[in-house]
Amino acid sequence: MDSDIARALAAVRATLPDGVHLVAVSKFHPAGAVAGAYAAGQRLFGESRVQELAAKVPALPSDIEWHFIGHLQTNKVRQLVGLRPALIESVDSERLLGAIDAESLRAGTVSRVLLQVHVAAEETKFGFSPDELTGYFRSRAFEGLRATHICGLMAMASNTDDTARVEADFARVAALKKQIEAMCPDLRGFDVLSMGMSHDYRLAIAAGATHVRIGTAIFGDRV
Ligand SMILES: *Cc1c(COP(=O)(O)O)cnc(C)c1O
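Residues numbered from 1 in each chain as written. Predicted model: local features only at pLDDT ≥ 70, side-chain atom pairs only at ≥ 80, totals over all residues. Heavy atoms only, no water.

Trainee: Help me understand the side chain of Lys177, please; the structure alone is not making it clear to me.
Mentor: Position of Lys177 among the secondary structure elements: in helix α7 (residues 163–183). Excluding anything up to four places from it in sequence, Lys177 contacts Leu153, Phe190, Asp191, Val192 and Leu193. (Helix = DSSP H or I, 4+ residues; strand = E, 2+ residues; numbered from the N terminus. Contact = heavy atoms within 4.5 Å.)

Trainee: When you look at the site of the ligand in this model, what are you seeing that I'm missing?
Mentor: Around the ligand lies a shell formed by Val25, Lys27, Ile69, Met154, Met156, Met197, Ser198, Arg213, Ile214, Gly215, Thr216 and Arg222. One nitrogen or oxygen atom from the side chain of Thr216 is found 2.5 Å from an oxygen atom belonging to the ligand. About the coverage of the ligand: the protein hides 91% of its 380 Å² of free accessible area. Going through the elements one at a time, β6 (148–156) and β8 (211–214) are the ones with two or more residues in the shell around the ligand. Among the residues forming the shell around the ligand, the class breakdown is six nonpolar, three polar and three charged. (Near = heavy atom within 4 Å. Polar contact = N/O pair within 3.5 Å; in protein donor to acceptor, adjacent residues only side chain to side chain. Areas by Shrake-Rupley, 256 points an atom, 1.4 Å probe, with all protein chains shown as cover. Nonpolar A, V, L, I, M, F, W, Y, C, P; charged D, E, K, R; others polar.)

Trainee: Any chance you could explain the pairing of strand β1 (residues 21–25) here in plain terms?
Mentor: Strand residues, when the strand is regular, have side chains that alternate between the two faces of the sheet. Burial of β1 is extensive: four of the five residues sit out of reach of the surface. Where β1 lies against β8, four bridges are found, and the strand directions are parallel. Bridged to Leu22 within β8 is Val212. Pairing analysis gives two bridges linking β1 to strand β2 (residues 44–47), with the strands arranged parallel. Note on β2: the bridge partner recorded for Val25 is Gly46. Handedness of the crossover is the feature at issue here: the chain leaves β1, passes through helix α2 (residues 31–39), returns alongside β2, and the resulting connection is right-handed. (Buried < 20%, exposed > 50% of the residue type's maximum accessible area, 1.4 Å probe, protein only. Pairing = 2+ DSSP bridges. Right-handed = clockwise from strand over helix to strand, strands pointing away.)

Trainee: How should the environment of Thr124 be read in this particular structure?
Mentor: Within the element layout of this structure, Thr124 appears in the loop between β5 (111–118) and α6 (130–138). Sequence separation between Thr124 and Ser90 is 34 residues; the distance between their C-alpha atoms is 14 Å.

Trainee: How should the packing of α6 against α7 be read in this particular structure?
Mentor: Helix-helix packing is described using two parameters, namely the angle between the two axes and the distance between the axes. α7 packs onto α6 with a crossing angle of 15° between their chain directions and a minimal axis gap of 10 Å. With respect to α7, the element α6 is oriented roughly parallel. For the pair α6 and α7, the sense of crossing is right-handed. The residues of α7 that touch α6, namely those facing Pro130, Leu133, Thr134, Phe137 and Arg138, are Arg172, Leu176, Gln179, Ile180 and Met183. (Axes fitted to C-alpha atoms, helices over the stretch in contact; angles between N-to-C directions. Parallel < 35°, antiparallel > 145°, perpendicular 65-115°, else oblique. Left-handed = near helix turned anticlockwise from the far one by under 90°.)

Trainee: Is there a simple way to explain α6 in this structure?
Mentor: An α-helix turns once every 3.6 residues. As a result, residues three or four positions apart point the same way. Along α6, the residues that are buried comprise Pro130, Leu133, Thr134, Tyr136 and Phe137. End-on view of α6: buried residues confined to an arc of 150°, all on one side of the axis. Set apart from the buried face of α6 by more than 90 degrees, the exposed residues are Asp131 and Arg138. The secondary structure elements touched by the buried residues of α6 are α5 (94–107), β5, β6 and α7. (Arc of directions from axis to C-beta.)

Trainee: Any chance you could explain the state of the cysteines here in plain terms?
Mentor: As used in these notes, a disulfide is a covalent bond between sulfur atoms, one from each of two cysteines. All told, the structure shown has zero disulfides when counted by the stated rule. Distance from the sulfur of Cys184, which forms no disulfide, to the nearest cysteine sulfur (Cys151) is 15 Å. (Disulfide = S-S within 2.5 Å.)

Trainee: Would you explain the packing of aromatic side chains in this entry?
Mentor: Two aromatic rings are characterised by how far apart their centres lie and by the angle between their planes. In this structure the tally under the stated criterion is five aromatic pairs. Ring centres 5.6 Å apart and planes at 40° place the aromatic pair Phe137 and Phe142 in the tilted group. The class of Phe137 is buried, set by a relative accessible area of 1%. Grouped by ring-pair contacts, the aromatic residues Phe128, Tyr136, Phe137, Phe142 and Phe190 constitute a single cluster. Over the aromatic face of Tyr38 sits the side chain of Arg43, whose NZ or CZ is 3.5 Å from the ring centroid. (Phe/Tyr/Trp six-rings, centres within 6.5 Å; stacked < 30°, edge-to-face > 60°. Lys NZ or Arg CZ within 6 Å of the ring centre and 35° of its normal.)

Here it is in structure tokens:
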């Protein structure tokens, strides 16, 4: 089983250009699967539930970088910040951002986050709308953050076989990042563009993704 993971991981890595970071999405897979990927050299993993992350962190090596990529409820912010994830990718509202900032300040840490932007066709996906996102930066509300650093954007494309639509979604997110950078040239460390999953990551890379979040292509189907 570990050798399957090692082989799949190597196959995915072989398709990634230099400078594109692989977030191995281990949600719903046991700690043993993470250990298998770790043994094959992977250090960056993504989890989507606080409870599951809380179980895996103490069970696995401490030099793993954990990215939180799931919808986060305000009442789980304290627990998540306490786990000191390397990056919270899925900040999908200003209210949640405020809660993370307050908790990070209280806990004496600085949280690194991405803002999740909703560009997909599906209503069910979370995130700032493009207008909310640009409005947030235009108002320079980020200057009020005391213990949170916004490191970039995260997004999911529409869940469709229509390649043109997926390309358009990724292009829109890349353009939003450029627009924000032009609007706020003094923003520092706003470098991350996390987009692309197992089925569409090649399109995301073509559009400028710096991080791809890949689960199924490495670990197989989730149980
Ligand atoms: C589950 C998940 C992924 C990985 O999806 P795969 O199709 O298994 O590669 C990527 N991003 C987010 C936000 C996810 O929830």
